[in-house]
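Residues per chain, in single letters:
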Amino acid sequence: MKTFDAIIIGTGQSGPSLAARLATAGMSVAVVERHKFGGTCVNNGCIPTKAMVASAYAVHLARRGNDFGFVADGGIRVDMKQVKSRKDAISGRSRVGVENWMRGLKNCTTYTGHARFRSAHEVEVGDEVLKADKIFLNVGGRALTPEIPGLDRVPSLNNSSMMDVDFLPSHLVILGGSYIGLEFGQMFRRFGSRVTIIEMGPRLVQHEDEDTSAAILDIVKQESIDVRLNATCLGVSGGPGNITVRVECADGGPVVTGSHLLLAVGRKPNTDDLGLDAAGVARDKRGYVVVDDQLQTNVPGIWALGDCNGKGAFTHTSYNDFEIVAANLLDGASRRVSDRIMAYALFIDPPLGRAGLTEAEAVRKGHSVLVGKRAMERVSRAFEKSETNGFMKIVVDGKSKEILGAAFLGTGGDEAVHVILDAMYAKAPYTVLQRAMHIHPTVSEYIPTLLGELAPSAMAVRT
Ligand SMILES: Cc1cc2nc3c(=O)[nH]c(=O)nc-3n(C[C@H](O)[C@H](O)[C@H](O)COP(=O)(O)OP(=O)(O)OC[C@H]3O[C@@H](n4cnc5c(N)ncnc54)[C@H](O)[C@@H]3O)c2cc1C
């Protein structure tokens, strides 16, 4: 048995940084990773997908040569092997960086293997038993496989196996019309695949406002991506290269047949094989580790960070979890998860940058909602770039004057939304931003304009 001050299980987006902080503070730390260092974001999530989104964007722009005044003689040919090797190089650089960092860290011992609790303070890794008073879980999650008749008999892809695709599927059928499905769908359409997205709900990205879902549907349809909404998947059949998904749809035929099937219907936490029962750590009914506002589990000395605690499903929420735990343990702070404002992006082109509440959520919560909205067609930076899809929307509380949220679906929306996010953290009245002078020509320069055009939410009138 080897005893440490702290054991960190998983090297996702919080574990490595926490290991570095604890080890630098003089604690002896064990870090356990069973697969690839860096976890989902680095190996089969954010980094590789955004590398592929960049390739797809370049192809898309090249095809639009006429719009910009150039001719690509000979046409555009996508080399999927090169797309993949570029992606692998970008992702590999990060993975190696994390691994070298952990292996080179003073006071830190790395273990490769699957970690499982033996008791509240003991963890088995292969033949070794590690012991510590403090244990931090950063075990992340994996793609969820839905229960659909026939699915176990046909080949399917998920976000991890998509990373090995170095060919062009002739027709990629995607189950799930949310972030992962939309990002893969648009990129493979741009690479040259035919793409059908099947969504069981009545609209894409259902937790966003209806106008956001509608604008995203419009964007993907412009690129001839087939979308089947209200689809109840009844069954999957076929074999390699010829897969049929039987769907029930409000319109369109009940069957979609494609060459490849991608499952993008959600994620589940990696908590079923951790031996949590041996430690007495509670999980909720969806398998997430139950934590308090400071990310402590029900067992003293055990914390859960990142996707496995169900308090966020993003790299930045996982990293923020690290910051909270480290500040509370090492800096005498009392930071809480509930102090953070939710923010995320959907990295289709153009991207959706989101901060805080949607308009519908703000109305539901009883705020006196004011909205400023402008189509990207009226944003000069967007029409200079000939990228005018989408809109900017800001949601304000008319009484407190605080900004409640924003949805920027448009070129640069993923960056510009941070102006809103930071004003929300500052709890500044919207008038501070309204009077700020922003740089021309940028997307952000319209934020003061929008805030000068606030009007009562039409949703509030409707409800
Ligand atoms: C396709 C896709 C695209 C995404 N794009 C974005 C994006 O653009 N922006 C964004 O913010 N987020 C994105 N995400 C989400 C993001 O990847 C995760 O939220 C992020 O990686 C945080 O994960 P984590 O820190 O909880 O753990 P993870 O990154 O999932 O890492 C967990 C690690 O723990 C290891 N592990 C698990 N169990 C054990 C065990 N018992 N013993 C030892 N090791 C173990 C795993 O091998 C893994 O390395 C995307 C996700 C996917 C799937």
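All values derive from a computational prediction rather than experimental measurement.

**Observations concerning the pairing of strand β5 (residues 122–125)**
Here is the key point about a regular strand: its side chains alternate between the two faces of the sheet.
And then number 1: Sheet analysis places strand β4 (residues 115–119) next to β5, joined by four bridges and oriented antiparallel. Pairing of Ser119 across the sheet is with Glu122, part of β5.
And then number 2: Between β4 and β5, which follow one another and run antiparallel, lie two residues.
And then number 3: Counted between consecutive antiparallel strands, the loop separating β5 from strand β6 (residues 128–137) contains two residues, among which Gly126 sits at a positive phi close to 60 degrees.

**Some points on the state of the cysteines**
And then number 1: In this structure the tally under the stated criterion is one disulfide.
And then number 2: The side chain of Cys41 participates in a disulfide bridge whose partner is Cys46; the two sulfur atoms lie 2.4 Å from each other. What sets the handedness of the Cys41 and Cys46 disulfide is the S-S torsion sign, and at about -135 degrees it is left-handed.
And then number 3: Free cysteine: Cys108, not disulfide-bonded; nearest cysteine sulfur from Cys308 at 19 Å.
And then number 4: A relative accessible area of 12% means that Cys108 is categorised as buried.
And then number 5: The closest cysteine sulfur to the non-disulfide-bonded Cys308 is located on Cys41, 16 Å from its own sulfur.
And then number 6: Of the residues examined, Cys308 reaches a relative accessible area of 0% and is grouped as buried.

**Some points on the environment of Glu208**
And then number 1: Considering the arrangement of structural elements, one finds Glu208 in the loop between β9 (194–198) and α7 (210–222).
And then number 2: For the pair Glu208 and Thr358, spaced 150 residues apart in sequence, the C-alpha to C-alpha distance is 6.5 Å.
And then number 3: Every residue in contact with Glu208, bar those within four places of it in the chain, is listed here: Tyr179, Arg203, Ser213, Tyr344, Leu352, Arg354 and Thr358.
And then number 4: A distance of 3.0 Å separates the side chain of Glu208 from the side chain of Tyr179, its partner in a polar contact.

**Considering the packing of aromatic side chains**
And then number 1: The final tally for this structure, using the stated rule, is six aromatic pairs.
And then number 2: Their ring planes at 85 degrees and their centres at 6.2 Å tell us that Phe4 and Tyr111 sit as a pair that is edge-to-face. With Phe4 in strand β1 (residues 2–9) and Tyr111 in strand β3 (residues 108–112), this residue pair connects regions lying 107 residues apart in the sequence. Note on accessibility: Phe4 and Tyr111 belong to one class, buried.
And then number 3: Summarising the aromatic geometry, the rings of Phe314 and Tyr344 are spaced 5.4 Å apart at their centres and angled 5 degrees between planes, so their arrangement reads as stacked. On the criterion of sequence distance, the pair formed by Phe314 in the loop between β16 (302–304) and α9 (315–330) and Tyr344 in strand β17 (residues 343–346) is long-range, its members being 30 residues apart.
And then number 4: On the basis of relative accessibility, which here comes to 23%, the residue Phe314 falls in the partly exposed class.
And then number 5: Exposure remark for Tyr344: the relative accessible area of 11% places this residue in the buried category.
And then number 6: Joined through ring pairs, the aromatic side chains of Tyr179, Phe314 and Tyr344 make up one cluster.

**Focus: helix α1 (residues 15–24)**
And then number 1: Burial of α1 is extensive: eight of the 10 residues sit out of reach of the surface.
And then number 2: Along α1, the residues classified as buried are Gly15, Pro16, Ser17, Leu18, Ala19, Ala20, Leu22 and Ala23.
And then number 3: Structurally, α1 contributes buried residues whose contacts are with β1, β2 (29–33), α5 (80–103), β6 and α9.
And then number 4: Once α1 ends, the next one or two residues include Gly26, with phi positive near 100 degrees.

**Examining the nonpolar core**
And then number 1: Counting residues in hydrophobic clusters, the biggest one holds 50 residues, and the most contacted among them are Ile7, Ile9, Leu18, Ile135, Phe136 and Leu137.
And then number 2: With residues up to four places along the chain from it excluded, the contact list for Ile9 reads Val32, Ala115, Val123, Ile135, Phe136, Leu137, Asn138, Val139 and Leu274.
And then number 3: Core analysis: the second largest hydrophobic core is formed by 40 residues, Leu182, Phe184, Ala215 and Ile225 among them.

**Section: the sheet that holds strand β20 (residues 391–397)**
And then number 1: Spatial ordering of the open sheet is given by β17-β18-β21-β20-β19-β22, a layout of six strands whose pairing is antiparallel. In this open sheet, the two strands that pair with only one neighbour each are β17 and β22 (455–456).
And then number 2: Where β17 and strand β18 (residues 352–356) come together, four bridges link them in antiparallel fashion. Each residue of the ladder has a partner; that of Ala343, found in β18, is Ala355.
And then number 3: In the packing of helix α12 (residues 413–425) onto the sheet, contacts are made with β17, β18, β20 and β21 (403–409), and the angle to β21 comes to roughly 175 degrees.

**Considerations on the site of the ligand**
And then number 1: By nearness alone, 38 residues border the ligand, and Glu33, Thr40, Lys50, Asp307 and Ser318 come closest of all.
And then number 2: In this structure, Thr40 approaches the ligand through a side-chain N or O atom, which is 2.5 Å from an oxygen atom.
And then number 3: Separating an oxygen atom of the ligand from a backbone N or O atom of Asp307 is a distance of 2.7 Å.
And then number 4: Considered on its own, the ligand offers 1000 Å² of accessible surface; in the complex 94% of this is hidden by protein.
And then number 5: Within the residue set of the shell around the ligand, elements represented by two or more residues are β2, α2 (39–44), α3 (46–63) and α9.
And then number 6: In the shell around the ligand, the residues fall into 11 nonpolar, 21 polar and six charged.

**Let's talk about α9**
And then number 1: Taking 1.5 Å of rise per residue, the 16 residues of α9 would be expected to cover 22 Å, and the 22 Å separating its terminal C-alpha atoms lies within 8% of that figure.
And then number 2: Looking only at α9, the buried set comprises Thr317, Ser318, Asn320, Asp321, Phe322, Ile324, Val325, Ala326, Ala327 and Asn328.
And then number 3: Residues of α9 that are buried sit in contact with α1, β6 and β16.
And then number 4: Phi turns positive, to about 70 degrees, at Gly332, one or two residues after α9.

**Topic: unusual backbone geometry**
And then number 1: Along the chain, Asp349 connects to Pro350 via a cis peptide bond; the corresponding omega equals 0 degrees.
And then number 2: The peptide bond linking His440 to Pro441 adopts the cis configuration, its omega dihedral lying at -10 degrees.
And then number 3: The phi dihedral of Ser224 falls on the positive side, at around 60 degrees, and the residue is not glycine.
And then number 4: Relative to the helices and strands, Ser224 is located in the loop between α7 and β10 (226–228).
And then number 5: Of note, the phi angle at Lys427 is positive, near 55 degrees, even though the residue is not glycine.
And then number 6: Looking at the element boundaries, Lys427 is found in the loop between α12 and α13 (430–434).

Parameters and conventions
- The numbering scheme is per chain: residues are counted from 1 as the chain's sequence reads.
- This being a predicted model, a pLDDT of at least 70 is required before a residue's local features are given, and a value of 80 or more before pairs of side-chain atoms are given or counted; all residues contribute to the totals for chains, interfaces and linings.
- Only hydrogens and water are set aside when side-chain values are computed; all heavy atoms of the structure are taken into account.
- Two strands qualify as a pair provided DSSP detects at least 2 bridges between them.
- Counting from the N terminus, the helices are the DSSP runs of H or I reaching at least four residues and the strands are the DSSP runs of E reaching at least two.
- Two cysteine sulfur atoms form a disulfide, by the criterion used here, when they sit within 2.5 Å.
- Each residue is placed in one exposure class: buried if its accessible area under a 1.4 Å probe, protein chains only, is under 20% of its type's maximum, exposed if it is over 50%, and partly exposed if it falls in between.
- Any pair of residues with heavy atoms lying within 4.5 Å of one another is described as a contacting pair.
- As used in this structure description, the phrase polar contact means that two N or O atoms lie within 3.5 Å; if the pair is within protein, one of them must be able to donate a hydrogen and the other to accept it, and residues adjacent in sequence are counted only when both atoms belong to side chains.
- In this analysis, rings of Phe, Tyr and Trp, with Trp reduced to its six-membered ring, are considered paired at centre separations within 6.5 Å, and the interplanar angle assigns stacked below 30 degrees, edge-to-face beyond 60, and tilted for intermediate values.
- Buried Ala, Val, Leu, Ile, Met, Phe, Trp, Tyr and Cys residues form a nonpolar core when they are joined through side-chain atoms within 4.5 Å.
- Every angle, taken between N-to-C directions, lies between 0 and 180 degrees, and every axis is a line fitted to C-alpha atoms, over only the stretch in contact when it is a helix.
- A molecule or strand has a residue near it when one of that residue's heavy atoms lies within 4 Å.
- Only the protein chains shown count as covering a residue, and every accessible area follows the Shrake-Rupley method with a 1.4 Å probe.
- Lys, Arg, Asp and Glu make up the charged group, whereas Ala, Val, Leu, Ile, Met, Phe, Trp, Tyr, Cys and Pro make up the nonpolar group; the residues left over, Gly among them, are polar.
- Expected helix span is computed as 1.5 Å times (number of residues minus one).

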